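A look at the structure
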Amino acid sequence: MRKYRSNTYYPDLVQVAKSLAERSDFSHSCTDEAGRLLRVLAGQVKEGKILEVGTGLGVGSSWMLSSIAPEVRFTSIDIDIKRVDSVKKHIRHPQAEFTNGDWKEISDKGPFQFIFADAAIVKSVEGDKLIEILGIGGLLFMDDFTPEEHWPEEWRGEHDPVREFWLNHPSLSSTEIYLTSTTAAILATRVR
């Protein structure tokens, strides 16, 4: 069986963001596996708007911006003003807007055709509000899930209300995918 090397190519913006995160000792950036998928998914949006909730230091933003179509607008929002200011200084793209604040403050800019929900509160508490600003047919991506077989022993067999909310919501068609053998993501399309 032939083994293939993993993809080691990083678009320029991604290299800048990864370097910024490393210099800042920020360890919560999306993984390369999630980033590569974000790049593919964002590249499928041909018009309209993309939203990222939880800018961090711009690694996920940079993956998406590296494939964004010319007619698409990109907005990323984070509650941490220092991180947003740092991203604004280092990541420049004519279609991107980096904003500080609560994501609900920009909900009137929707509907969005693609949303990367990378802030814990959006996944666990504010899901219905997020679904409201996702356009019909729009795609939602959330990473940082642990497959059940890799849960700590004390979690095994327990109820997972976050995962159940997203996988069983009547307005969504959803699936869970593995990004690696120990990490998962949820993809959902708004159907109504």
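Being a predicted model, the structure only gives us computed values, none of them experimental.

Looking at the nonpolar core
Judged by nonpolar contacts, the single largest core of 33 residues is most densely connected at Ile-50, Phe-114 and Phe-141. Those elements that place two or more of their residues in this core are α1 (12-23), α2 (32-43), α3 (59-65), β2 (72-78), α4 (81-90), β3 (96-100), β4 (112-117) and β7 (184-190). What Phe-114 contacts, discounting residues up to four positions off in sequence, is Leu-38, Leu-41, Ala-42, Val-45, Lys-49, Ile-50, Leu-51, Met-64, Leu-139 and Phe-141. Ranked by size, the runner-up nonpolar core spans 22 residues in total, among them Ile-131, Ile-133, Leu-140 and Met-142.

What about the packing of aromatic side chains?
One pass over the structure, following the stated rule, counts four aromatic pairs. Both rings, one in Phe-74 and one in Phe-98, keep their centres 6.2 Å apart while their planes meet at 65°; by these two values the pair is edge-to-face. Here Phe-74, found in strand β2, pairs with Phe-98, found in strand β3; they are 24 residues apart in sequence, far enough to count as distant. Since its relative accessible area comes to 1%, Phe-74 is described here as buried. For Phe-98, a relative accessible area of 7% translates into the label buried. Taking 5.5 Å as the distance between ring centres and 40° as the angle between the ring planes, the aromatic pair formed by Phe-116 and Phe-141 counts as tilted. Taken together, the residues Phe-116 in strand β4 and Phe-141 in strand β5 (residues 134-145) connect sequence positions 25 residues apart.

Topic: the environment of Asp-32
The residue Asp-32 is located in helix α2 in this model. Along the backbone, Asp-32 and Val-59 are 27 residues apart, and their C-alpha atoms lie at a distance of 9.2 Å. Apart from the residues lying within four places of it in its own chain, the contact partners of Asp-32 are Tyr-10, Lys-18 and Trp-63. Side-chain polar atoms of Asp-32 contact the side chain of Lys-18, separated by 2.8 Å.

A word on the environment of Pro-147
By the element assignment, Pro-147 lies in the loop between β5 and α7 (161-168). For Pro-147, a relative accessible area of 1% corresponds to the buried category. For the pair Pro-147 and Ser-24, spaced 123 residues apart in sequence, the C-alpha separation works out to 29 Å. In contact with Pro-147, other than residues within four places in its own chain, are Arg-163, Tyr-178, Ser-181, Thr-182, Thr-183 and Ala-184.

Things to note about the sheet that holds β4
By way of backbone hydrogen bonds, the strands of a sheet pair with one another, either parallel or antiparallel. Pairing within the open sheet is mixed, and its seven strands lie in the order β3-β2-β1-β4-β5-β7-β6. At either margin of the open sheet sits one strand with a lone partner, and together these are β3 and β6 (172-178). Ignoring which end each strand starts from, the neighbouring axes of this sheet average 15° apart. Of the strand pairs in this sheet, β4 and β5 are connected by four bridges, and their pairing is parallel. The residue of β5 that forms the bridge with Ile-115 is Leu-140. Each of β1 (48-53), β4, β5, β6 and β7 touches α2; the most contacted strand, β5, lies at about 170° to it. Taken strand by strand, α4 contacts β2 and β3, and its axis lies near 160° from that of β3.

Each value, and the rule that gives it
- Residues numbered from 1 in each chain as written.
- Predicted model: local features only at pLDDT ≥ 70, side-chain atom pairs only at ≥ 80, totals over all residues.
- Heavy atoms only, no water.
- Core = buried A, V, L, I, M, F, W, Y, C linked by side-chain atoms within 4.5 Å.
- Buried < 20%, exposed > 50% of the residue type's maximum accessible area, 1.4 Å probe, protein only.
- Helix = DSSP H or I, 4+ residues; strand = E, 2+ residues; numbered from the N terminus.
- Contact = heavy atoms within 4.5 Å.
- Phe/Tyr/Trp six-rings, centres within 6.5 Å; stacked < 30°, edge-to-face > 60°.
- Polar contact = N/O pair within 3.5 Å; in protein donor to acceptor, adjacent residues only side chain to side chain.
- Pairing = 2+ DSSP bridges.
- Axes fitted to C-alpha atoms, helices over the stretch in contact; angles between N-to-C directions.

Geometry only, nothing functional implied.
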